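# Tertiary structure, described
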Amino acid sequence: MADAPKRTVLYDLHVELGGKMVDFAGWEMPVQYPMGIMGEHAQCREKAGLFDVSHMGQVILRGEGVAEKLESIAPSAFTTLPEGKARYTFFTNEDGGIMDDLIVTNAGDHMFVVVNAALRHQDIPHMAKHLDGIEVIEIFDRALVAVQGPKAEDVVGELCPAARELKFMESTLADIVGVECRISRLGYTGEDGYEISIPEGDAEKVARAFLADDDCAPSGLGARDSLRLEAGLCLYGNDIDNSTSPVEASLNWAMQKRRREEGGFPGAARIQRELSEGAEKKLVGIKPEGRAPARQGVEVQCVDGNTIGAITSGGFGPTVGAPVAMGYVSTAHAVPGEKVNLIIRGKAQPAEIVSLPFVKQNYKR
Amino acid sequence: MTTYYSDDHEWITVDGDIATIGITQHAADQLGEIVFVEQKDVGDDFEKGDEIGVIESVKAASEIYAPVDGEVVEANGTLEDAPGSLNENPEGDAWIYKVKLADKAQLEDLMDLDGYKALIG
């Protein structure tokens with residue numbers, strides 16, 4: 001029997017705000033509020049949206065040499081990650097596939113790690129097994145919310161001046177309405193904004209303080225997905241998984257030069273080979289020319305009718321005002337401007353390979 | 001004019017042997033914001049239960065099923081440019097097809113408004 005879905009500490013607030021609750025990775029989460037996905041999406045692009053992401057796993061890694069040890073399971077540089085800085089990375093398997101993507105923050109006396117909700121049960125034992133001598137402490141008593149959008153700095157900064165001082169991918173501890181929070185200037189919408197880890201007992205108080213700002217509205221998983229898709233950000237399980245490599249997924253930027261050259265992480269042989277010779281397929285943006293959205297699984301053909309790949313994420317892009325998609329195509333065809341066909345319900349629909357993102361990222365660097 | 005309703009949340013009104021078909025407000029509300037409607041062509045025949053179109057919302061794609069046998073005599077072209085009108089007025093201007101009924105007796109298998117209201121609770 002499946003376990004009953006879990007609820008975050010903000011569940012009652014979601015219901016009060018009219019959130020439509022759905023099961024997501026074993027959690028009962030709001031997919032949308034009365035404003036609707038389009039409205040919430042626009043709100044986040046124009047003002048600020050508040051997302052509950054407490055279902056994601058928060059982990060503390062503490063112990064001697066934690067940065068070096070993390071480098072043995074992930075291809076990013078951690079020994080040179082300054083205190084107060086965060087880095088996007090992923091765990092790789094022996095075949096060079098991606099086990100999960102995550103954010104690692106150097107919090108001074110420990111590393112603070114946020115992993116995907118669906119994979120926390122994989123990632124925690126993985127870290128415990130491979131980070132010899134490191135304490136791996138999963139945090140169950142903190143909520144995580146994201147405030148995202150061009151007004152996020154004002155919404156959060158009004159309550160916490162220190163937040164204004166942070167640049168993209170910087171993190172600090174600071175008080176918000178008398179509650180000590182970890183505030184990190186990052187997110188997964190393509191907009192400026194913050195992710196804020198809050199002691200569970202005070203999470204609702206802090207969330208309500210953000211929502212008291214006229215420029216901040218609650219936003220659900222529906223808008224989160226359309227926002228990250230327009231921003232060209234990978235969703236684990238859709239665009240990246242155990243079989244796809246970081247090179248195929250165009251995530252080379254997350255593997256710093258020293259790590260690419262030295263290797264020393266699982267699957268380095270494949271990843272280094274693909275870095276020098278190129279991968280067979282590549283994740284690209286795909287823009288349908290018609291109005292029909294192309295969803296995950298839709299076949300991509302070149303104009304002569306041969307199959308060259310498949311859509312991994314697709315839907316309607318509210319800011320673009322048209323369908324948008326991401327998917328893998330063979331590298332020879334992974335060229336912006338290349339015309340392709342998408343086989344939607346048996347019919348070939350014209351589309352074009354485009355550069356990602358669909359909507360310019362708006363980070364405060 | 002009598003309006004009939006199907007289990008699949010379509011409505012159908014009849015004028016002579018021509019019927020107008022659409023989706024109910026309840027269905028539109030459940031689907032969320034509609035961004036694309038795929039329609040059959042004029043002249044296409046279909047049988048009750050056939051898939052006669054697809055409605056794409058921001059979230060997902062949902063099929064439209066024929067509530068009766070018939071033939072498409074007109075597809076509402078305004079849905080191509082304004083699919084969102086299906087959220088606003090699905091039981092009015094945003095009808096989906098006009099069809100020629102093959103067997104008017106099939107209407108008797110559909111629900112009236114009270115029956116439909118009972119279905120959606």
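Predicted model, so just to flag it, every value in this text is computed and none were measured. (Residues numbered from 1 in each chain as written. Chains lettered and ligands numbered in written order. Predicted model: local features only at pLDDT ≥ 70, side-chain atom pairs only at ≥ 80, totals over all residues. Heavy atoms only, no water.)

## Comments concerning the layout of surface pockets
Residues and elements named next belong to chain A. Roughly 980 Å³ of volume is contained in the largest pocket. In this structure, the largest pocket is lined by 41 residues; those nearest its centre are Phe 24, Leu 221, Asp 225, Arg 228 and Leu 235. Elements with a contribution of two residues or more to the lining of the largest pocket: strand 1 (20-24), strand 6 (98-106), strand 7 (111-115), helix 8 (221-230) and strand 16 (307-317). In terms of residue count, the dominant contributor to the lining of the largest pocket is helix 8 (seven residues). Looking at the lining of the largest pocket residue by residue, the classes come out as 23 nonpolar, 10 polar and eight charged. A volume near 800 Å³ is recorded for the second largest pocket. Lining the second largest pocket are 37 residues, and of these Leu 233, Leu 251, Trp 253, Gln 361 and Tyr 363 lie nearest its centre. At the level of secondary structure, the elements contributing two or more residues to the lining of the second largest pocket comprise strand 5 (86-92), strand 14 (281-288) and strand 19 (347-354). In terms of residues, the lining of the second largest pocket owes the most to one element, strand 14, which gives four residues. Here the residues of the lining of the second largest pocket sort into 25 nonpolar, seven polar and five charged. (1 Å grid on protein atoms, 1.4 Å probe; cavity = no way out; pocket = protein on both sides within 12 Å on 5 of 7 lines; lining within 4 Å. Points joined across faces, edges and corners; volume = space filled by probe spheres on them. Helix = DSSP H or I, 4+ residues; strand = E, 2+ residues; numbered from the N terminus. Nonpolar A, V, L, I, M, F, W, Y, C, P; charged D, E, K, R; others polar.)

## Topic: unusual backbone geometry
Here Leu356(A) and Pro357(A) are connected by a cis peptide whose omega angle stands at -5 degrees. In this fold, Pro357(A) is placed in the segment after strand 19. Although it is not a glycine, Arg345(A) sits at a positive phi angle of roughly 50 degrees. With respect to the helices and strands, the residue Arg345(A) is situated in the loop between strand 18 (339-344) and strand 19. A residue is classified by how much of its surface remains accessible, and Arg345(A), at 33% relative accessible area, is partly exposed. For His9(B), which is not glycine, the phi dihedral falls at a positive 70 degrees. Mapping His9(B) onto the fold places it in the loop between strand 1 (3-5) and strand 2 (10-15). (Buried < 20%, exposed > 50% of the residue type's maximum accessible area, 1.4 Å probe, protein only.)

## Topic: the confidence of the model for chain B
Averaged over all residues, the pLDDT of chain B equals 95, while 100% of them reach at least 70. Among the scores for the predicted complex, ipTM is 0.88 and pTM is 0.94. (pLDDT = per-residue confidence, 0-100.)

## Quick look at the side chain of Ser226(A)
All names here are of chain A. Structurally, Ser 226 is set in helix 8. Under the relative-accessibility criterion, Ser 226 is labelled buried at 7%. A distance of 3.2 Å separates a polar atom in the side chain of Ser 226 from the backbone oxygen of Ala 223. (Polar contact = N/O pair within 3.5 Å; in protein donor to acceptor, adjacent residues only side chain to side chain.)

## Brief notes about a negative patch on the surface
Residues Asp45(B), Glu47(B), Asp50(B), Glu51(B), Glu63(B) and Glu71(B) make up a contiguous surface patch of negative charge. Its place among the elements puts Asp50(B) in the loop between strand 5 (45-46) and strand 6 (51-57). (Patch = residues over 30% accessible without salt bridge, like charges linked within 9 Å, V, L, I, M, F, W, Y side chains within 5 Å. Areas by Shrake-Rupley, 256 points an atom, 1.4 Å probe, with all protein chains shown as cover. Salt bridge = Lys/Arg side-chain N within 4 Å of Asp/Glu carboxyl O. Lys, Arg positive; Asp, Glu negative; His and termini not counted. Charge placed at Lys NZ, Arg CZ, Asp CG, Glu CD.)

## Focus: empty space enclosed by the protein
Residue and element names in this part refer to chain A. Evaluated as defined, the whole model comprises three cavities of 30 Å³ or more. Space inside the largest cavity adds up to approximately 80 Å³. Lining the largest cavity, in full, are Ile 103, Thr 105, Phe 112, Val 114, Leu 144, Arg 182, Ser 184, Leu 186, Glu 195 and Ser 197. For the lining of the largest cavity, the elements supplying multiple residues, two or more each, are strand 6, strand 7, strand 11 (179-184) and strand 12 (193-199). Of the residues in the lining of the largest cavity, the class split is five nonpolar, three polar and two charged. Lining the second largest cavity, in full, are Leu 10, Leu 13, His 14, Leu 17, Tyr 33, Leu 50, Phe 51, Asp 52, Val 145, Pro 218 and Ser 219.

## Focus: the pattern of salt bridges
Close approach of charged atoms lets side chains of opposite charge pair. All names here are of chain A. What the rule picks out here adds up to 26 salt bridges over all chains. The salt bridge involving Asp 239 is made with Arg 228; its shortest N-O contact spans 2.8 Å. Here Arg 228 lies in helix 8 and Asp 239 lies in the loop between helix 8 and helix 9 (257-262), a separation of 11 residues in the sequence. Looking at Asp 239, the relative accessible area reads 1%, which means it is buried. In this structure, the salt-bridge partner of Glu 274 is Arg 270, at a minimum N-O distance of 3.0 Å. You can see Glu 274 and its partner Arg 270 sitting in helix 10 (residues 268-277), four residues apart, about one turn around the helix. The class of Glu 274 is buried, set by a relative accessible area of 7%. When its relative accessible area of 17% is taken as the criterion, Arg 270 is described as buried. A single network of salt bridges, built from pairs that share partners, joins Glu 153, Asp 154, Arg 164, Arg 185, Asp 192 and Lys 364.

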